[in-house]
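# Observations on the model geometry
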Amino acid sequence: MSPTLPVGIHDLCFTTGYYVLDHNEMARHYGVDPDKYRLGIGQDSMSVPAPDEDIVTMAAAAAQPVLARHGADTIRTVLLATETGVDQAKAAGLFVHALLGLPSSTRVVELKQACYGATAALQLAAGLVYRDPTQSVLVIGTDIARYDLGSPGEATEGAAAVAMLVRAAPAVLRLDSTSGLYANDVMDFWRPNYRATALVDGKTSIEAYLQAVQGAWKDYAEQGGRPLEEFEAFCYHQPFTKMAHKAHRHLAACAGLGQSDADIRAALRHTTSYNRLIGNSYTASLYLALASLLDHSEDLSGKPIAMLSYGSGSIAEFFGGTVVPGYREQLRTAAHQEAVRRRVPIGYAEYRALHERALVTDGGEHLIEAESGGPFRLAGIRGHKRVYDTADRRTATA
């Protein structure tokens, strides 16, 4: 095994919720100027899952096209990252494993560290592939962001799943071996086990994010990473898209670079398109930014790009990668844009009803009507067990 063996992202696909709430609707409900959302936090709309969607159905839907293109013969590990898990013991990835029909000779693990989890999965996947270059790893980040109604966080909600195939000789992005790390125990965002919605201290969270940017960059520079000016573009975790602008301005200052507003817009302009429409997707957010960059940019072949992953609580990682020549042949731009376009618009009252809906906890059998029309759906709860269904099975029994 060569220490210089290129490892990275060979394929990337995302999906999102069935419904969409335009921020004009939220502004109308609260009697505020829509620019509070569009300009203030950089959000135009947010994805809202249907009752028969959850992190498992989105994860499986994101991964299915990857397996359809590449097969599952070399996949021996599934790493699913989420901070909105469906069970305190069982990994959500095992539900996905079954829905996708993956072989029993598979390692399946769920990872959690707020919005950073998918980056932990990506780095662990790279290590597994370095150890055995004949294997591939399926990495999935999947989340549904939910805050209390009327809280400042409500306007940043969203939902999405991103699936990535990590392997040797990747066709999309070769990962650099150098990373900058930062960790700190801070209560900027959290969700106790007894709550369905997250809590956030907005001011503290922004400060913690910026502190983590500075710390991760400092460690990256000390580890011998690239100079900041070498990177062609920058992808950030986006709890809201304006946070990426705040983070990049702070990073440039930490690196001693003078960056005008125009410079910052140029560095980020292609990375915020999907997040602006989908909202916060927690572990998937950074990789939505990557998908947005690849789908909307001019040719990036051979260009280095920077990635800043942040998870409240807090941990951050700064790392880079080089876009592989010919990567455009692997892109799913049309499918990604269709996933965003096909969402069904709803008003605030409909959104509120979905937000307040909760799964039953009495252990009885409770079926959930088909609504989203996706390839996978949450069919019900039976004896405290989640029951999933596929489009193939529904067609066969119709």
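Worth saying up front: this structure is predicted, and the values here are computed from it rather than measured.

A word on the nonpolar core. Counting residues in each nonpolar core, the largest one holds 48 residues, and the members touching the most others are Phe-14, Tyr-287 and Leu-290. Apart from residues lying up to four places away in sequence, Tyr-287 is in contact with Leu-12, Ala-118, Thr-119, Leu-122, Val-162, Met-164, Met-307 and Phe-319. Judged by nonpolar contacts, the second largest core, of 41 residues, contains Tyr-182, Ala-208, Ala-244 and Leu-354.

So, on to the pattern of salt bridges. Counted by the stated rule, this structure contains 16 salt bridges. Close ionic contact of Arg-38 with Asp-22 constitutes a salt bridge, the shortest N to O distance being 2.7 Å. Residue Arg-38 is found in helix α2 (residues 35-38), and its partner Asp-22 is found in strand β2 (residues 19-22); the two are separated by 16 residues along the sequence. With a relative accessible area of 18%, Arg-38 lands in the buried category. A network of salt bridges, in which partner residues are shared, links Asp-22, Arg-38, Asp-44 and Arg-276.

Our next topic: the sheet that holds strand β14 (residues 344-345). Taken in spatial order, the three strands line up as β3-β2-β14 in an open sheet, and their pairing is mixed. The strands lining the two open edges of the sheet, one partner per strand, are β3 (45-48) and β14. Examined bridge by bridge, β2 and β14 share two bridges and lie parallel to one another. From the neighbouring strand, Tyr-19 faces β14, where its bridge partner is Val-344.

Following the UniProt record, one finds the feature "binding site: (3S)-3-hydroxy-3-methylglutaryl-CoA" (unreviewed entry) at Asp-33, Tyr-147, Lys-246 and Asn-280. Within the annotated group, the residues that form the lining of the second largest pocket are Tyr-147, Lys-246 and Asn-280. Examined against the element boundaries, Asp-33 turns out to sit in the loop between α1 (23-30) and α2. Only 2.9 Å separates the side chain of Asp-33 from the backbone nitrogen of Asp-35, close enough to count as a polar contact. Within the secondary structure, Lys-246 sits in helix α7 (residues 241-254). Under the relative-accessibility criterion, Lys-246 is labelled partly exposed at 40%. Residues in contact with Lys-246, not counting those within four places in the same chain, are Ile-206, Leu-210 and Phe-240.

Another point: the UniProt feature "active site" (unreviewed entry) in the chain. Within the UniProt annotation, "active site" (unreviewed entry) is assigned to Glu-83, Cys-115 and His-237. Their sequence span is 155 residues, while the largest C-alpha to C-alpha distance among them is just 14.4 Å; these annotated residues converge on one region. Looking only at the residues we just named, the largest pocket is lined by Glu-83. On the secondary structure map, Glu-83 appears in the loop between β4 (75-81) and α4 (92-100).

This next bit is on empty space enclosed by the protein. Following the criterion strictly, the structure yields one cavity of 30 Å³ or more and no others. Reported here for the largest cavity is a volume of approximately 60 Å³. Lining the largest cavity are Asp-11, Leu-12, Val-172, Ala-291, Leu-294, Asp-295, Gln-330, Leu-331, Arg-332 and His-336. Going through the elements one at a time, β1 (7-16) and α10 (285-296) are the ones with two or more residues in the lining of the largest cavity. Per-element accounting of the lining of the largest cavity gives the leading share, three residues, to α10.

What counts, and at which threshold
Residues numbered from 1 in each chain as written. Predicted model: local features only at pLDDT ≥ 70, side-chain atom pairs only at ≥ 80, totals over all residues. Heavy atoms only, no water. Core = buried A, V, L, I, M, F, W, Y, C linked by side-chain atoms within 4.5 Å. Buried < 20%, exposed > 50% of the residue type's maximum accessible area, 1.4 Å probe, protein only. Contact = heavy atoms within 4.5 Å. Salt bridge = Lys/Arg side-chain N within 4 Å of Asp/Glu carboxyl O. Helix = DSSP H or I, 4+ residues; strand = E, 2+ residues; numbered from the N terminus. Pairing = 2+ DSSP bridges. UniProt positions renumbered as here; feature names shortened; annotations may be inferred. 1 Å grid on protein atoms, 1.4 Å probe; cavity = no way out; pocket = protein on both sides within 12 Å on 5 of 7 lines; lining within 4 Å. Polar contact = N/O pair within 3.5 Å; in protein donor to acceptor, adjacent residues only side chain to side chain. Points joined across faces, edges and corners; volume = space filled by probe spheres on them.

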